[in-house]
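# Structure at a glance
This is what each chain is made of:
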Amino acid sequence: MSNVIVNRVKEFLKRFPPFTFLSEASLQLVAKGVEVHYFAKGEFLFKQGDPAQNCFFVLKEGSVHLTETQDGQTKVREVCDEGDVFGVLALLGKRPYILNAVAEEESLVYAIPVSIFEIILEENSRVSLYFAAGFASGQVVVRTDLSQSQKARGIFMEASKDTGLLIFTGQSDLNFSKDVVTCQQGITIIEAVKKMSTMGVGSIVVTDAQEHPMGIITDKDLRNRLIAQNMPYETPVEEIMTSPVMTMTRDAGFSALYLTMIKNRLHHLIFTEDGTAQSKVIGILSDHDILLSQGNSPAVLINALMNTWDVKEMAKVRDSAERLLRYYLENELSMDFVASIISEINDIIIKRAVQMAKKKHDADYPEASKVKFCFLSLGSEGREEQLLRTDLDNAMVFADVPEAQLKEVKEYMLLISQEVIEILLICGFQSCPGDMMANNPKWCQPLSEWKKYFSEWILQPNQLAIMHSTIFFDFRPIYGHKPLAEEMTQHIYNEIADKTIFLNFLAKNALLNPAPLGFFRNFIVEKSGEHRDKFDIKLRAMMPLADIARLLVLSHRVVGINNTFKRFEKLSELEPNYRELFLEAGKAYEILMRMRAIEGLQSNNSGRFISPEGMGKIQRQLLKNAFAPIDELQKIIRVRFQLDYFTN
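Here goes a summary of the coordinates provided. As the structure is a prediction and not an experimental result, all values here were calculated from the model.

### Quick look at the sheet that holds strand 12 (residues 247–248)
- Strand order in the open sheet formed by 3 strands is 12-13-14, and the pairing between neighbours is mixed. Both edges of this open sheet fall to strand 12 and strand 14 (281–286), since each of them pairs with a single strand only.

Structural data, given as structure tokens:
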């Protein structure tokens, strides 16, 4: 083979995995050993059952279908396009081929000798992992080890260069108060405190007549230097203020400001026009502002949320959580960890929103505010899987009250719910298009009404009832009297115990979307509308797994586990015969969650619709591998719940 041809082969191969992982020398060695084969339309490269050849293949041009023949019928399992690697059994085990490979159109194929590549496999762990993870076309027919796929993804993807999780980066956006509350020296403490209370702040800067800073008084000073010392409120402010104050210019870099506060144990740093105490006050920086500015660690974000009553600040913190999420996803942190952190942040926002709502309305409803209630998250947030700020699903349950009191109590509960929803919308969450939110009177009900809902859905499981069940049965208590939620759960299990046919309906619903295996060019995509030619990862892949996990957990009467991949972990313990399958299903769901979240962050949307054409080969193969457990589980569900004999 001439050098020109070798170079052409090398340039082609280096564009596609696993050849992208090869050194220049290894790539040159492979390119020299390549043989170029032409296949006419309809011609077989190999047939099912044939002994493995001494090479594997890379499609250069054209199209090759990998098919399986069973009971006289041939089905397409995979469609290979440019750069796809296939026929790797010769490389991995020298077993007979388990699929046919047939040219669907005139095709050029590179045949790569096993003898050359075996050496590279031993030397290059990334290449070995590529094959071990099942990324070669047709390598996996039923199921691969998704733990290898997860590991491979982490190794193959370049780590984020974001340094946002460092203690400080020097690049942070600094938020500080420009409207500084001040008072002149000589006034009494009672006057200063009134001013602090009116402005809703915890500190006041004492200035001279030229508005130059003389000192500062904080809530801590009032406790320790005034009240604890039993001093009169008419005491002049200069007698208890902290003086002198530390001043800097607001143009100072974040690192300098941060270190100044750390070294001097300061809770407040005052900005002046020239950075000295001999110029006018123009701003104040608190340690709380530092937390908000450097909001890239979970502890910092959570601390910031728990120390603010300002909705705009809460929104900023949730924006920071989005950046944190992006960093975590890009650096392949465990989805269990990621989901737990984001769910905790979301939960704290909801809790704070309820507290703010109660603070606003309790005085107007002295009796109704005493009624026990519980604010519930539903759907993906209820399962602790809502990584993005997509549509909200939530509800309100409150204790049963006498009929005469019900109208006022429900009015109060709806006001609380409305305030919570408004705060969540300000924090960037989206309104539920189906209006399944606590501010909808239908979903703000006393416990007895919720029990009626559940009984009706279970006793009369029509299409709407099943849809409601898949959303509402994943509820999770966020704030309030949790025994109310526990009683709701117990009611569900009591009803199902007597009406097992309901599980048959849930099982039938879990089979509505079959596993989209063998996708590539025949990928199951939307046929029309704004998402035309895109793959619906929620409907086609995530929902079937979530539905199956919920169904099986309900059938086993497992209480307290809502998260889908944790449900599969529990099922692996309860059904050891299917242990590996359930663990694979959990891993598959984690992979799908990660893909959807990354797509959503990149496209600034829900991440639900993914363009197959925009995915790299490894991403597409990883997605395909994640589909396999769906197919196996749906076969089990069909048999277990006798769906071939079940009609409604």
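### Concerning the sheet that holds strand 4 (residues 64–70)
- The 4 strands are arranged 2-7-4-5 in an open sheet whose pairing can be described as antiparallel. Each having just a single partner strand, strand 2 (44–46) and strand 5 (73–80) make up the two edges of the open sheet. The sheet shows a mean angle of 35° between the axes of neighbouring strands, taken without regard to direction.
- Here strand 2 pairs with strand 7 (residues 100–103) via 2 bridges, running antiparallel. For Phe44, the partnering residue across the bridge sits in strand 7 and is Val102.

### As for the nonpolar core
- If you look at the biggest cluster of nonpolar residues, it comprises 125 residues, and the most contacted ones within it are Phe454 and Phe472.
- The leading source of residues in this core is helix 13 (residues 335–361), at 13 residues.
- Discounting chain neighbours no more than four positions away, the residues touching Phe454 are Phe472, Phe473, Phe475, Met488, His491 and Ile492.
- Counting residues in each nonpolar core, the second largest holds 26 residues, with Phe16, Phe19, Val88 and Tyr130 among its members.

### Section: the packing of aromatic side chains
- Under the criterion given, the structure shown has 29 aromatic pairs.
- Where Trp443 meets Phe472, the ring centres are 4.4 Å apart and the plane angle is 40°; that geometry is what we call tilted. One end of the pair, Trp443, is in the loop between helix 15 (403–426) and strand 17 (444–446); the other, Phe472, is in helix 17 (residues 463–472), and 29 residues separate them in sequence. Each member of the pair Trp443 and Phe472 is classed as buried.

### So, the pattern of salt bridges
- Under the criterion given, the structure shown has 27 salt bridges.
- Residue Lys358 is joined to Asp362 by a salt bridge in which the shortest nitrogen-to-oxygen separation is 3.0 Å.
- Among the charged side chains, a salt-bridge network with shared partners connects Arg383, Glu385, Asp474, Asp547, Arg550 and Arg567.

### Points about the environment of Ser455
- Positionally, Ser455 belongs in helix 16 (residues 447–459).
- The class for Ser455 is buried, based on a relative accessible area of 14%.
- Between the C-alpha atom of Ser455 and that of Asn494, which follows or precedes it by 39 residues, the distance is 9.6 Å.
- Engagement of the side chain of Ser455 in a polar contact is seen with the side chain of His491, the distance being 2.8 Å.

Conventions used here
Residues numbered from 1 in each chain as written. Predicted model: local features only at pLDDT ≥ 70, side-chain atom pairs only at ≥ 80, totals over all residues. Heavy atoms only, no water. Pairing = 2+ DSSP bridges. Helix = DSSP H or I, 4+ residues; strand = E, 2+ residues; numbered from the N terminus. Axes fitted to C-alpha atoms, helices over the stretch in contact; angles between N-to-C directions. Core = buried A, V, L, I, M, F, W, Y, C linked by side-chain atoms within 4.5 Å. Buried < 20%, exposed > 50% of the residue type's maximum accessible area, 1.4 Å probe, protein only. Contact = heavy atoms within 4.5 Å. Phe/Tyr/Trp six-rings, centres within 6.5 Å; stacked < 30°, edge-to-face > 60°. Salt bridge = Lys/Arg side-chain N within 4 Å of Asp/Glu carboxyl O. Polar contact = N/O pair within 3.5 Å; in protein donor to acceptor, adjacent residues only side chain to side chain.

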